[in-house]
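# Coordinate inspection notes
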Amino acid sequence: MPELPEVETIVRRLQPLVVGSTIEQVEVRKEKSFQGSLDAVVGATMLSVERRAKFIRLQLDNNYNLLVHLKMTGQLIYVSSTTRVGGGHPTADWVDELPSKHTRVIISLSKSAQLFFNDQRIFGWIKVMSDDEVRFIFDQLGPDVIDASVTPDYLYEKLQGRSIAIKQAIMDNSVMSGLGNIYACDALNRAKIHPARPAKSLSKPEVAELLSQSKQVLELGIKLGGATIEHFMHIDGFSGRYQDVTAVYGREGEACYNCGGTISKIKLGGRGTYLCEGCQE
DNA sequence: ACTCTTGTTAAAAC
DNA sequence: GGTTTTAACAAGAG
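Residues numbered from 1 in each chain as written. Chains lettered and ligands numbered in written order. Predicted model: local features only at pLDDT ≥ 70, side-chain atom pairs only at ≥ 80, totals over all residues. Heavy atoms only, no water.

### So, the overall build of chain A
If you tally the helices and strands in chain A, you get seven helices and 11 strands. Relative to the globule expectation of 19 Å for 281 residues, the C-alpha radius of gyration of chain A, 20 Å, shows essentially globular dimensions. In terms of principal-axis extent, the alpha carbons of chain A reach across some 55 × 40 × 30 Å. Here chain A holds 281 residues, and the buried ones make up 54% of them. Considering only contacts in chain A between residues 6 or more positions apart, those separated by 24 or more positions represent 65%. (Helix = DSSP H or I, 4+ residues; strand = E, 2+ residues; numbered from the N terminus. Rg over C-alpha atoms; globule rule 2.2 N^0.38 Å. Buried < 20%, exposed > 50% of the residue type's maximum accessible area, 1.4 Å probe, protein only. Contact = heavy atoms within 4.5 Å.)

### Overview of the side chain of R57
Note that R57 resides in strand β4 (residues 55–60). In terms of polar contacts, R57 uses its side chain to reach the side chain of D131, at 3.5 Å. For R57, the contacting residues outside a window of four places in its chain are S48, V49, E50, N65, L66, L67, D131, V134 and F138. (Polar contact = N/O pair within 3.5 Å; in protein donor to acceptor, adjacent residues only side chain to side chain.)

### Quick notes on the protein's contact with DNA strand C
Around DNA strand C, the neighbouring residues are K32, K101, H102, Q120, R121, I122, F123, R162, S163, I164 and R271. The contact atoms of DNA strand C, taken as those within 4 Å of the protein, divide so that sugar and phosphate hold 59%. R121 places a polar main-chain atom, nitrogen or oxygen, 3.0 Å from a sugar or linking oxygen of DNA strand C. A distance of 2.5 Å separates a phosphate oxygen of DNA strand C from a polar backbone atom of S163. Taken together, the residues of the surface near DNA strand C break down into three nonpolar, three polar and five charged. (Near = heavy atom within 4 Å. Nonpolar A, V, L, I, M, F, W, Y, C, P; charged D, E, K, R; others polar.)

### What about the protein's contact with DNA strand B?
Around DNA strand B, a shell composed of 16 residues is seen, among which H69, M72, N181, K267 and R271 lie nearest. Backbone atoms, meaning sugar and phosphate, form 52% of the atoms of DNA strand B found within 4 Å of the protein. At a separation of 3.4 Å, a phosphate oxygen of DNA strand B approaches a polar side-chain atom of K265. For the surface near DNA strand B, the secondary-structure elements that each account for two or more residues are β10 (263–268) and β11 (271–276). Classifying every residue of the surface near DNA strand B by side-chain character gives five nonpolar, four polar and seven charged.

### What to know about the state of the cysteines
Scanning the entire structure with this criterion turns up zero disulfides. Here C259 is not cross-linked by a disulfide; its sulfur's nearest cysteine counterpart is in C276, at 3.4 Å. Its relative accessible area of 40% is what places C259 among the partly exposed residues. A relative accessible area of 0% places C276 in the buried class. (Disulfide = S-S within 2.5 Å.)

### A few points about the sheet that holds strand β3 (residues 46–52)
The strand order across the open sheet formed by five strands is β2-β9-β5-β4-β3, and the pairing between neighbours is mixed. Edge strands, defined here as strands with exactly one partner in the open sheet, are β2 (34–35) and β3. Both β3 and β4 contribute to a ladder of six bridges, which runs antiparallel. Its bridge partner lying in β4, S48 is registered against Q59. Strands in contact with helix α1 (residues 4–18) are β3 and β4; relative to β3, the strand with the most contacts, it is inclined by about 170°. Running over the sheet, helix α3 (residues 131–139) touches β3, β4, β5 (64–69) and β9 (125–130) and is turned about 115° from β9. (Pairing = 2+ DSSP bridges. Axes fitted to C-alpha atoms, helices over the stretch in contact; angles between N-to-C directions.)

### Looking at the packing of α1 against helix α7 (residues 204–223)
Two measures define how a pair of helices packs: the angle their axes make with one another and the distance between the axes. Put simply, α1 and α7 touch, their axes get as near as 8 Å, and they point 35° apart. As for how α1 packs across α7, the hand of that crossing is right-handed. Contacts between α1 and α7 involve L4, P5, E8, T9 and R12 from the first element and L218, G221 and I222 from the second. Taken together, the residues of the contact of α1 with α7 sort by class into four nonpolar, two polar and two charged. (Left-handed = near helix turned anticlockwise from the far one by under 90°.)

Below, the structure is given as structure tokens:
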């Protein structure tokens, strides 16, 4: 499930490969996965690749964009003659022939490169949007967790009057964006805060510590190339490494690194939540 | 056959 | 209006 570090990993690796490339053809294999007119994108050249929250923005040279959201199972795989020949095949087990049965969109680029959008569950999408439409979407979002504008004071104020669980609050994109289930669970454990506590019950120092840990786990996730759990993979099919160092996510029954307690799993807001009852209060 | 999985949003409920 | 809860989306694993 791609969160901020996973999306950032994709963007950083895709950017140098596709900027300057021209979109020659788009094959839509699943209507739901590609929304908007092809007229605005075929023939256009890519100007930049950016991330905002968990969105990927492929900016074109004609005031249009391809906005991509991977949701839970989306993948972007980049293949070109040079990456295939020069880099060899990845060892990851994704190497069923492309396109696979989950390939929903194939974008053919200049220099014989192809960008495959795979998405098992078809929750993800690619939308053709004008610059104004993209700006409108982005303006609705709270700032990225790792953005300098997200300070302890900012977060503390945002949490006042909110009775929802702190875990749900820090995953609320209107508060701040980028944290999903994996990194939210880990940040709360590292900050030793119980995920079910009412958001407004946290003291200012607790908010400061939680925010600090949130930024740290996201930065660590970026450094390790994201977490390959379920479906996430790099654009060349390789895996990230954050899944090997999670604090609590996916570690039910194992020992907490803070206190040695046993990690348990509860349900919060309909979502699986890992925590250590021993040290998270 | 049934439950469980998740990011986001829309709608209903307060 | 703001906040909170619930369901829906889809497909596959167990």
